Amino acid sequence: MIIGLTGGIGSGKTSIANLFQQHFNIDLVDADVVARQVVEPNTIGLKAITEHFGTQILTSDGKLDRAQLRESIFSDPTQKQWINALLHPLIRAEINHQLTQTTSPYVILVVPLLVEGDWKTLVDRILVIDASPETQISRTCTRDKVPASQVRAILNSQASRQERLSFADDVINNDSPLTQEIQQALLLEVTQLHQKYMSLC
Ligand code: ATP
């Protein structure tokens, strides 16, 4: 059984997914991690990108220069389309591969843009990590040291809070700051969901 775990930027997807892993040994597959793996040195992905953009897209130690790539595709929709057409199938294939390697009774697939993309058919249930836009912005600004306007722009490009919630089978509200009490409450929610998922699979 595959649980698709999603939520907007800075909602706490990674933090909550880690609770399932740490407390119940549930395997995680993370689309963001896979997206980095498919462009590591010596991958088909990085080879194709280097052939397309030239070696100036690489850092001096042969890795993908992400800032450079972002700049190259930022104002050019054709390049953006090209990179998406290259990377999406590679990411999808690698996710499928990693899913086949998992051994826990169910697996959590963390996908930031789950409801926006065509991932819904891959998962059996959708768990949404919910937080208010204000919380998402303040946490992301603190974590990434970026201006609020940048986070707001990303937030606006994602599904709205209501739209995302409309796809949810289960919801964890992660809006409150992490006091000891809230930490315990979150772990209780995760425990109850784990038991539900165990009984379902
Ligand atoms: P992204 O989509 O941007 O990768 P995410 O949804 O995976 O983010 P996390 O990285 O888990 O979110 O959390 C964002 C930041 O907020 C992290 O620095 C994390 O430590 C912090 N955080 C998560 N949950 C809480 C909480 N309940 N209270 C305070 N801080 C939190």
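Because the structure is predicted, anything quoted here is derived from the model rather than measured. (Residues numbered from 1 in each chain as written. Predicted model: local features only at pLDDT ≥ 70, side-chain atom pairs only at ≥ 80, totals over all residues. Heavy atoms only, no water.)

Caption draft 1: How the structure looks around the domain arrangement of the protein chain. Split by domain assignment, the protein chain resolves into domain 1 (1-26 + 106-201) and domain 2 (33-103). Taking only C-alpha atoms, the centre of domain 1 and the centre of domain 2 are 25 Å apart. In this assembly, seven residues from domain 1 lie in contact with six residues from domain 2. Summed over both partners, the interface of domain 1 with domain 2 buries about 550 Å², with 74% contributed by carbon and sulfur atoms. Summed over the three residues of domain 1 that lose the most area to domain 2, namely Val107, Trp119 and Leu122, the buried surface amounts to 65% of that side. If you look at where domain 1 meets domain 2, you find one salt bridge. (Domains from an automatic or database assignment. Contact = heavy atoms within 4.5 Å. Buried area = accessible area lost by both parts, 1.4 Å probe. Salt bridge = Lys/Arg side-chain N within 4 Å of Asp/Glu carboxyl O.)

Caption draft 2: Summary view of the sheet that holds strand β2 (residues 27-30). One open sheet accounts for five strands, arranged β2-β3-β1-β4-β5; its pairing is parallel. In this open sheet, the two strands that pair with only one neighbour each are β2 and β5 (170-173). Strand after strand, the sheet turns through a mean of 25° between neighbouring axes, direction not considered. Across four bridges, strand β4 (residues 125-130) lies against β5 in parallel orientation. Within β5, the residue paired with Asp130 across the bridge is Asn173. (Pairing = 2+ DSSP bridges. Helix = DSSP H or I, 4+ residues; strand = E, 2+ residues; numbered from the N terminus. Axes fitted to C-alpha atoms, helices over the stretch in contact; angles between N-to-C directions.)

Caption draft 3: Highlighting the site of the ligand. Lining the immediate surroundings of the ligand are 14 residues, of which Lys13, Thr14, Ser15, Arg143 and Asn174 lie closest. Note that an oxygen atom of the ligand is positioned 2.6 Å from one of the side-chain N or O atoms of Lys13. With respect to the ligand, the side chain of Arg143 contributes an N or O atom lying 2.7 Å from an oxygen atom. Protein contact buries 76% of the 630 Å² of open area that the ligand shows by itself. Of all elements in the fold, only α1 (13-24) and α6 (133-144) reach the threshold of two or more residues within the shell around the ligand. For the shell around the ligand, the element with the highest residue contribution is α1, accounting for three residues. (Near = heavy atom within 4 Å. Polar contact = N/O pair within 3.5 Å; in protein donor to acceptor, adjacent residues only side chain to side chain. Areas by Shrake-Rupley, 256 points an atom, 1.4 Å probe, with all protein chains shown as cover.)

Caption draft 4: Up close: the environment of Thr78. Considering the arrangement of structural elements, one finds Thr78 in helix α5 (residues 77-101). Judged by relative accessible area, which is 56%, Thr78 ranks as exposed. Taking C-alpha positions, Thr78 is 20 Å from Ile154, a pair spaced 76 residues apart along the chain. (Buried < 20%, exposed > 50% of the residue type's maximum accessible area, 1.4 Å probe, protein only.)

Caption draft 5: Summary view of the packing of α1 against helix α9 (residues 180-200). One can describe the packing of α1 onto α9 by two numbers: an axis separation of 10 Å at closest approach and a directional angle of 70°. It follows from the interaxial angle that α1 and α9 lie roughly perpendicular. Crossing handedness for the pair α1 and α9: right-handed. Facing α1, whose interface residues are Ile16, Leu19, Phe20, His23 and Phe24, α9 presents Leu186, Leu187, Val190, Thr191, Leu193, His194 and Tyr197. A breakdown of the residues in the contact of α1 with α9 according to their chemical character gives nine nonpolar, three polar and no charged. (Parallel < 35°, antiparallel > 145°, perpendicular 65-115°, else oblique. Left-handed = near helix turned anticlockwise from the far one by under 90°. Nonpolar A, V, L, I, M, F, W, Y, C, P; charged D, E, K, R; others polar.)

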